[in-house]
Amino acid sequence: MILAQGISKHYGALTAVDGLSLDIPAGQFFGLLGPNGSGKTTTIHMLATLLAPSAGSILIDGLDITKDPLQARKKIGLVFQDSSLDGTLSVEQNLLFCAGLQGLSLKASRERLQELLPLFDLQDRRHAPVASLSGGMRRAVDILRGIVHRPRVLFLDEPTVGLDLPSRKRIWHFVRRQIAEHGMTVVLTTHYLEEAAPCDQVCFIRQGQAIARGNPDALVHEFGDRILEIEASDIARLTAQLHLKQNDFLMEGNTLLVRERHDTQVSLEEIQQQLAQQVETLRIRKPNLNDVFLWLTSGTEEEKTC
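As the structure is a prediction and not an experimental result, all values here were calculated from the model.

Rules and cut-offs
Residues numbered from 1 in each chain as written. Predicted model: local features only at pLDDT ≥ 70, side-chain atom pairs only at ≥ 80, totals over all residues. Heavy atoms only, no water. 1 Å grid on protein atoms, 1.4 Å probe; cavity = no way out; pocket = protein on both sides within 12 Å on 5 of 7 lines; lining within 4 Å. Points joined across faces, edges and corners; volume = space filled by probe spheres on them. Helix = DSSP H or I, 4+ residues; strand = E, 2+ residues; numbered from the N terminus. Nonpolar A, V, L, I, M, F, W, Y, C, P; charged D, E, K, R; others polar. Pairing = 2+ DSSP bridges. Axes fitted to C-alpha atoms, helices over the stretch in contact; angles between N-to-C directions. Contact = heavy atoms within 4.5 Å.

## Quick word on empty space enclosed by the protein
Then step 1. In total, this model carries 2 cavities of 30 Å³ or more according to the counting rule given.
Then step 2. Lining the second largest cavity, in full, are Leu78, Val79, Phe80, Asp82, Ser83, Ser84, Arg139, Asp142 and Arg145.
Then step 3. Broken down by secondary-structure element, the contributors of at least two residues to the lining of the second largest cavity are β6 (76–79) and α5 (135–147).
Then step 4. Here the lining of the second largest cavity gets 3 residues from one element, more than from any other, and that element is α5.
Then step 5. Here the residues of the lining of the second largest cavity sort into 3 nonpolar, 2 polar and 4 charged.

Structure follows, in structure tokens:
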């Protein structure tokens, strides 16, 4: 559904995306992950035809977006980081306006709203100004705006930033339903790594380049077996005392994270015994996608290519 080959974006001397390649099948839930400034939003904007790549090629459902951008856009829905709604217009007016821009007749647009509004219990708010809605409701309207024309691909750029947990859960339930029932391809960027855990595939990028790609569960399994968290006032001294290999530990403020890997001899129990009288907190836990993210984007993990 999405094939990007060697895409780059340059702004003068600044390279925002550097030779990135992605191959995303139809119906896949795909996560594009990385720290601030890694090139995620620039990549989404290129894939969604909002930015022309400086190099490389992009196909959406077989269409070259540089040669046939209008036809490609009919297949694309996009939810921006910041709301693109007009707060002075009602929910219905915003959605009808967007549907009209996508070529839907007024009759077809109204029928589509009858189908969409109940998905977020917005029937009773259809005539309310968007500015009067809660943050969760506004974000729901943003998402409905992105799919009102039944796109094949939906790009979600930080869709749940600032929302409470119930609103986030409702949005993700809706997204999973679109994938399951309509075969929609969804591409997500998020800083909430637990939201990316259900993805079929994720790709981590740093400085505009891909550094790892795979199924989230497989990446976590490959990362290691267990994590030891150590909190102390002098973490640097303790780290030097342990003589750990570079790829086996990470310092986060006053916390030292040590991972137990399949191919190393790090013993978390021995470290616990050695440091028991010197630290404030010791705990062992299972690793998660956040740990993979921290190691990869800090540059301590061996880099892999997509």
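## Examining the sheet that holds strand β3 (residues 29–33)
Then step 1. The strand order across the open sheet built from 6 strands is β6-β7-β8-β3-β9-β10, with neighbouring strands paired in mixed fashion. Each end of this open sheet is capped by a strand with a single partner; those strands are β6 and β10 (209–214). Direction aside, neighbouring strands of the sheet carry axes that sit 15° apart on average.
Then step 2. Those strands touched by helix α8 (residues 216–223) are β9 (201–206) and β10, and its axis lies near 60° from that of β9.
Then step 3. Docked against the sheet, helix α11 (residues 289–298) engages β3, β9 and β10, running at close to 30° with respect to β9.

## Digging into the layout of surface pockets
Then step 1. A volume near 360 Å³ is recorded for the largest pocket.
Then step 2. At the level of secondary structure, the elements contributing two or more residues to the lining of the largest pocket comprise α2 (69–73), β6, α3 (91–101) and α5.
Then step 3. At 3 residues, the largest contribution of residues to the lining of the largest pocket is made by β6.
Then step 4. A breakdown of the residues in the lining of the largest pocket according to their chemical character gives 8 nonpolar, 5 polar and 3 charged.
Then step 5. Considering only enclosed or pocket space, the second largest pocket measures out at about 230 Å³ in volume.

## Considerations on the side chain of Thr185
Then step 1. Along the chain, Thr185 falls in strand β8 (residues 185–189).
Then step 2. In this structure, Thr185 is in contact with Met1, Ile24, Pro25, Ala26, Gly27, Gln28, Arg152, Val153 and Leu154, ignoring residues within four places of it in sequence.

## Some thoughts on the pairing of strand β11 (residues 226–231)
Then step 1. Two elements, β11 and strand β13 (residues 255–260), share 6 bridges in a ladder whose sense is antiparallel. Residue pairing across strands places Ile227 opposite Arg259, the latter belonging to β13.
Then step 2. Pairing between β11 and strand β14 (residues 281–285): 5 bridges, direction antiparallel. Bridge pairing in β14 places Glu231 opposite Thr281.

## Quick notes on the sheet that holds strand β4 (residues 55–60)
Then step 1. In space, the 4 strands of this open sheet follow the order β2-β1-β4-β5, with antiparallel pairing throughout. Single-partner strands in this sheet number two, and they are β2 (14–24) and β5 (63–64).
Then step 2. With 7 bridges connecting them, strand β1 (residues 2–11) and β2 associate as antiparallel partners. Bridging across to β2, His10 finds its partner in Thr15.
Then step 3. Helix α1 (residues 40–47) rests against β1, β2 and β4 of the sheet, and its axis sits at about 120° to β1.

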